[in-house]
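Examining the three-dimensional arrangement
Now for the letters of each chain:
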Amino acid sequence: MTKGSAPPDSDWWKSAVVYQIYPRSFADSDGDGIGDLRGIIDHLDHLRDLGVDVVWLSPVYRSPMDDNGYDISDYRDIDPLFGTLADLDELIAGLHERGIKLVMDLVVNHTSDEHPWFLDSRDPSSDKRNWYWWRAPRDGRTGGEPGAEPTNWGSFFTGPGWEYDERSGEYFLHLFSRRQPDLNWENPEVRAAVWDMMRWWVDRGIDGFRMDVINLISKTVPLADGPETPGTGLSYDPTVVTDGPRLVEFLGEMKREVLDGHDLLTVGECVAIDVAHARTYTDGDSGFLSMVFHFEHMSLDSGPGGKFDVRPLQLPDLKENIRVWQDGLATSGWNSLYWNNHDQPRIVSRFGDDSPDHRVTSAKTLGTVLHLLRGTPYIYQGEELGMTNQSFVDRSQFRDIESLGWYDVAVGAGLPPAVALANVASRSRDNARTPMQWDASPNAGFSTGDPWLPVNANHDVVNAAAAWADADSVLHHYRALISLRHDLAVVREGRFDLLLPHDEHLFCFTRTWGDEVLLVLANWSSGEIPLPDGLPNLTGASLLLGTHVDGGAVLRPWESRILRLG
Ligand code: NOJ
C-alpha cells in the first residue's frame, strides 16, 4: 500500500474508529430515566462531528434486564424500554446517511431464562431439552444440597455456575447469572438457529457483530471439574471453559453460514485469550473474525483475587503487554484497541489522574497512546469527554449484578465492608454506566426523568456542550486523533517499536511506514519528566499533535507529543 492509501474495501475496519453506545445510559428521549433508541437518534450529529466510522450498540433486544440486556429473551425484537424495530431501522438509516456503520451485540453463549427456548427446555421431554446444559447432580449427592453441582465451575459473577431445577431434578449451567443459561453449542440445531438469526440481522442492514464472550461457546465434553480456587470450593479458572475443542470448527461454520460474502466488522470478546489464539482467530486468510477483544491489559492492576483485588498499575507491565500484542499481530491478524467499555471503570480515573489539575491532560494522553497504536480503536461513550468514575460511598448506590454479587460474597467471607466498598467502587462496571453527560443541566441533559443510575456530580464541568465549545477539550483532541488515523497510512499500518521499555513514567514508541516515522512521547505521570537519553534524534521533528503547543526538554505532567521525524 502506498503512503496515505486506504486498505482494500473488505478490510475497511482497519482504518475505522468505533464508538460504543451503552443504550441504557446514552440518552433518554421519553423521560423514564433509561436511555433509548430515539435518544441515540437525537444525538447522531455528535457522532458524525466526532468523526467515528462505526457504532457498536450494546444489546437492545427484548430482555428481562437481569444483566442489562446481556440476557436476551427474543433475538429478533427490541425491548420496549429501548423502542421498536422501526426505531432501530431509523437508527441504521440515520447512521448510514452520516457515513457511519452499525455493529450489533451478539450474545449467544447464553440466553435469558425467559427465552422461549429455555422455557421449553425446562421440560425434560421437550425437544429443546438438549439446547442447554442439563446435568444430574454429582454421583451420590442430592440435588440442591451444597456441593451437589455436576462440576465445581464457578460463575463469572461469583457463586456456583449451576442452578438446580426442582421440577426435573437436574441442574442447568450458567457461566454468568442464574438467569443466563448457557446454550449447548454441541447441538447442531442451536447453531442453525443462531446462524438464521444472524442472517436476519445482516439482511436488515447492519454492518457487523460484536460477539459476547464468544470463546466460551465450545465446552470440553464430558464437563469435568477444574482446579479449585483456594478458599472457595469452586473453580474460577477461566481456562477450563475458554477456547474449547470445537471453537475453531464453530467459528468456521459461522463464517461459511453467515459472514462470507459480506464486508462485516466482527469482533469477538474473548475471555482469558492469549495472542497465539487471537492470531488464529483473526488471521486474514485462515481466520474467522476481524479482531478480538482481550483482557490482559485490563488485569495488570489486579492481584490474584481477581478484578476487585485492586493494585497500582506498573507502567512497564502495561508497555510490555502492549508490545506483545502489537508484535504478535504485526504480520498476521489484527488488534482491537480499547481502554474503556461498559464493563470497565473509567480510564482517566484508573490509569490517569482525574484531579481537576490533570483530568483533561491525562485523558488526552491516554487517548494519544491508544489511538497511535496499530489496530482498530474503540471509544466508549463519554471517554471523548474525559468522563470519570462515580464517587460510590454505599452499597445501595450500585445497580450492577456483578458488583453487588462480589460485594456480598466478599463481606460474607469476612472482608471488612469498608474495604469491600472501596474495591468495588474503584472497579465497578457502574462507573462506566453513569449517564452520558451532555450538558450542565440537572440531569446532564440525559433525561427529564429520574436517571436509573445517578448522574456524576461533575457534569457541571465535564459535559459535551462545554467540550464542543472549548478548542482545548478532550473531545477536540479525540477528533484530531481520529483524523490522524483517517489521513495517515503510518498510523493505520506502520510498524510499532517500543522505546524505553523499563521507564516507569514515560510511554514512548515509534510507528514506521516506508520512510515515514512518527514518534510518540507520553509522560504517564503527574510530575515533570526530563526527556531522557535513548530517544531518536529530534532535529527537524515537527509536532503533529500534542497536549501542549510549545515543546521543550522537559515533559510537563501528562504531556504527550506526536512528532513526525525529519
Ligand atoms: C460480557 C459483557 O460485556 C458483559 O457486560 C456481560 O455481563 C457478560 N458478557 C455476560 O453476557
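This text goes with the structure placed above it.
Owing to the predicted nature of the structure, the values given are computational and were not obtained by experimental measurement. (Residues numbered from 1 in each chain as written. Predicted model: local features only at pLDDT ≥ 70, side-chain atom pairs only at ≥ 80, totals over all residues. Heavy atoms only, no water.)

1. Focus: the overall build of the protein chain
Within the protein chain one finds 16 helices and 22 strands. Relative to the compact-globule value of 24 Å for 566 residues, the protein chain shows a C-alpha radius of gyration of 24 Å, a close match. Reported as C-alpha extents along the three principal axes, the dimensions of the protein chain are approximately 75 × 55 × 45 Å. Out of the 566 residues in the protein chain, the part that is buried amounts to 60%. Counted over contacts in the protein chain with a minimum sequence separation of 6, partners at least 24 positions apart contribute 69%. With an accessible surface of roughly 20,800 Å², the protein chain has 50% of that area assigned to carbon and sulfur atoms. Once the 49 positive and 86 negative side-chain charges of the protein chain are each reduced to a mean point, those two points are 2 Å apart. (Helix = DSSP H or I, 4+ residues; strand = E, 2+ residues; numbered from the N terminus. Rg over C-alpha atoms; globule rule 2.2 N^0.38 Å. Buried < 20%, exposed > 50% of the residue type's maximum accessible area, 1.4 Å probe, protein only. Contact = heavy atoms within 4.5 Å. Areas by Shrake-Rupley, 256 points an atom, 1.4 Å probe, with all protein chains shown as cover. Lys, Arg positive; Asp, Glu negative; His and termini not counted. Charge placed at Lys NZ, Arg CZ, Asp CG, Glu CD.)

2. Quick look at the sheet that holds strand S6 (residues 134-135)
Taken in spatial order, the three strands line up as S6-S8-S7 in an open sheet, and their pairing is antiparallel. Of all the strands in the sheet, the pair left with one neighbour each is S6 and strand S7 (162-165). In this sheet, strand S8 (residues 170-173) lies alongside S6 in antiparallel orientation, the contact comprising two bridges. Looking at S8, one finds that Trp134 is bridged to Phe172. (Pairing = 2+ DSSP bridges.)

3. As for the site of the ligand
The full set close to the ligand counts 14 residues, and Asp67, His110, Asp212, His342 and Asp343 are the nearest of them. Here His110 contributes a side-chain N or O atom positioned 2.9 Å from an oxygen atom of the ligand. Take Asp212: an N or O atom from its side chain is 2.8 Å from an oxygen atom of the ligand. For the ligand, the protein covers 97% of the area, taking 300 Å² as the surface of the free molecule. Classifying every residue of the shell around the ligand gives four nonpolar, three polar and seven charged. (Near = heavy atom within 4 Å. Polar contact = N/O pair within 3.5 Å; in protein donor to acceptor, adjacent residues only side chain to side chain. Nonpolar A, V, L, I, M, F, W, Y, C, P; charged D, E, K, R; others polar.)

4. With respect to the nonpolar core
Ranked by size, the top nonpolar core spans 136 residues in total, and within it Met198, Trp339 and Trp524 carry the most contacts. The greatest single-element share of this core, amounting to eight residues, is contributed by helix H5 (residues 188-204). For Trp524, the residues in contact, after removing those within four places along its chain, are Leu313, Leu315, Leu318, Trp339, Phe351, Leu366, Val369, His505, Phe507 and Trp558. By size, the runner-up hydrophobic cluster in this structure holds 14 residues, among which are Trp162, Phe176, Leu216 and Val241. (Core = buried A, V, L, I, M, F, W, Y, C linked by side-chain atoms within 4.5 Å.)

5. Some remarks on the environment of Tyr75
With respect to the helices, strands and loops of the structure, Tyr75 is situated in strand S4 (residues 74-78). It is 9.1 Å that separates the C-alpha atoms of Tyr75 and Thr111, two residues lying 36 residues apart in sequence. At 2.8 Å, the side chain of Tyr75 and the backbone oxygen of Val107 are in polar contact.

6. Some words on the side chain of Asp207
Its location among the elements puts Asp207 in the loop between H5 and strand S9 (208-211). The buried charged residue Asp207 lacks any salt bridge, with Lys101 as its nearest oppositely charged partner at 4.6 Å. Those residues in contact with Asp207 that lie beyond four places of it in its chain are Trp12, His96, Lys101, Leu102, Val103, Asp263, Leu264 and Leu265. (Salt bridge = Lys/Arg side-chain N within 4 Å of Asp/Glu carboxyl O.)

7. With respect to unusual backbone geometry
Residue Val221 is joined to Pro222 through a cis peptide bond whose omega torsion reads 0°. Here Pro222 lies in the loop between S9 and helix H6 (247-259). Here the phi dihedral of Met65 falls at roughly 65°; this positive angle occurs in a residue that is not glycine. Mapped onto the secondary structure, Met65 falls in the loop between strand S3 (61-62) and S4. Judged by relative accessible area, Met65 falls into the buried class, the value being 14%. Phi is positive for Asp243, close to 50°, though the residue is something other than glycine. Topologically, Asp243 is positioned in the loop between S9 and H6.

8. Some thoughts on the sheet that holds strand S20 (residues 542-546)
Pairing between sheet strands relies on hydrogen bonds along the backbone, with the strands arranged either parallel or antiparallel. Read across the sheet, five strands follow the order S16-S17-S18-S22-S20 without closing on themselves; strand pairing throughout is antiparallel. Each edge of the sheet is formed by a strand with only one pairing partner; in this case those strands are strand S16 (495-499) and S20. Direction aside, neighbouring strands of the sheet carry axes that sit 20° apart on average. Here S20 runs beside strand S22 (residues 560-564); their pairing, made up of four bridges, is antiparallel. Looking at the pairing, Leu545 lines up with Ile562 of S22. Here helix H10 (residues 359-371) sits on the sheet and contacts strand S17 (506-513), strand S18 (516-523) and S22; the angle it forms with S18, its principal contact strand, is near 145°. Sheet strands touched by helix H15 (residues 474-487): S20 and S22. Its angle to S20, the strand with the most contacts, is close to 130°. (Axes fitted to C-alpha atoms, helices over the stretch in contact; angles between N-to-C directions.)

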